[in-house]
Amino acid sequence: MIVKRQGLVVWFHQMKHVKHIKKFGHMVHVSKKLKYAMIYVNQDQLDDTYQKLIKLPFVTKIEPSYKPFIKTDFEKKVFDKEEKEYDYKMGI
């Protein structure tokens, strides 16, 4: 069974707090320069995790990822021969 997950970008003050953020989900990326961490949590636990993280004193803000809500099924566009040919004589 595949569990639906969603990413959270957690901004914090200092790098020493990364250990505390690891407890809340699967940490994928940490930026030392910009001081943020990307973690993945289950979608059914997203609200609870968000509320717990925002209460921490070292967290400045949290941004959820919108990737699960974006349409990722793409349709193949079929080209006709006439569409591929360019009309260079236009305006002459």
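Figured I'd write up the structure that's included with this text. Along each chain, residue indices are assigned from 1 in the same order as the chain's sequence is written. It should be noted that, the model being predicted, local features are given only for residues of pLDDT at least 70 and side-chain atom pairs only at 80 or more, the latter also being counted only at that level, while totals for whole chains, interfaces and linings use all residues. Note that the side-chain values use all heavy atoms of the structure and ignore hydrogens as well as water.

At Lys35, a residue that is not glycine, the phi angle is positive and equals roughly 60°. Mapped onto the fold, Lys35 is located in the loop between strand 2 (26–31) and strand 3 (36–42). Only DSSP runs of H or I covering at least 4 residues are called helices, and only runs of E covering at least 2 are called strands; the numbering of each starts at the N terminus.

Whether a residue is buried, partly exposed or exposed follows from its accessible area with a 1.4 Å probe, protein chains only, as a fraction of its type maximum: under 20%, in between, or over 50%, in that order. Listing the buried residues of helix 2 (residues 46–54) in full gives Leu46, Thr49 and Leu53. On an axial view of helix 2, the arc spanned by its buried residues comes to 70°, and they lie on one face. Summarising the geometry of helix 2, the exposed residues directed more than 90 degrees from the buried face are Asp47, Asp48 and Lys52. Contacts are assigned to residue pairs that have any heavy atoms within 4.5 Å of one another. Buried residues along helix 2 sit in contact with strand 1 (5–12), strand 3 and strand 4 (59–64). Directions from the helix axis toward the C-beta atoms define the arc.

Another point: the side chain of Asn42. Tracing the sequence through the fold places Asn42 in strand 3. Whenever two N or O atoms come within 3.5 Å, that pair is a polar contact, provided that in protein one can donate a hydrogen and the other can accept it, and provided that, for residues adjacent in sequence, both atoms are side-chain atoms. A polar contact is formed between the side chain of Asn42 and the side chain of Arg5, at a distance of 2.8 Å. With sequence-adjacent residues up to four places away left out, Asn42 is seen in contact with Val3, Lys4 and Arg5.

A few words now on the sheet that holds strand 1. Ordered by their spatial adjacency, 4 strands build an open sheet running 2-3-1-4, and the pairing between neighbours is antiparallel. Looking at the sheet topology across the chains shown, the edges are occupied by strand 2 and strand 4. Strand-to-strand, the axes of this sheet are offset by a mean angle of 25°, without reference to chain direction. Only when DSSP finds a minimum of two bridges between them are two strands counted as paired. Direction of pairing for strand 2 relative to strand 3: antiparallel, over a ladder of 5 bridges. Its bridge partner being in strand 3, Ser31 is matched across the sheet by Tyr36. Across the face of the sheet, helix 2 comes into contact with strand 1, strand 3 and strand 4 while running at roughly 5° to strand 1. Each axis is a line fitted through C-alpha atoms, and for a helix only the stretch in contact is used; angles between axes span 0 to 180 degrees, taken between their N-to-C directions.

On to the environment of Ile21. Within the secondary structure, Ile21 sits in helix 1 (residues 18–22). Given the relative accessible area of 0%, Ile21 is considered buried. Between the C-alpha atoms of Ile21 and Leu56, which are 35 residues apart in sequence, the distance is 9.5 Å. Once you skip the residues sitting within four places of it in the chain, Ile21 turns out to touch Val10, Phe12, Met27, Ile39 and Phe58.

Turning to the side chain of Thr49, a few remarks are in order. Here Thr49 is to be found in helix 2. Beyond its immediate sequence surroundings of up to four residues, Thr49 is in contact with Leu8, Phe24 and Val41.

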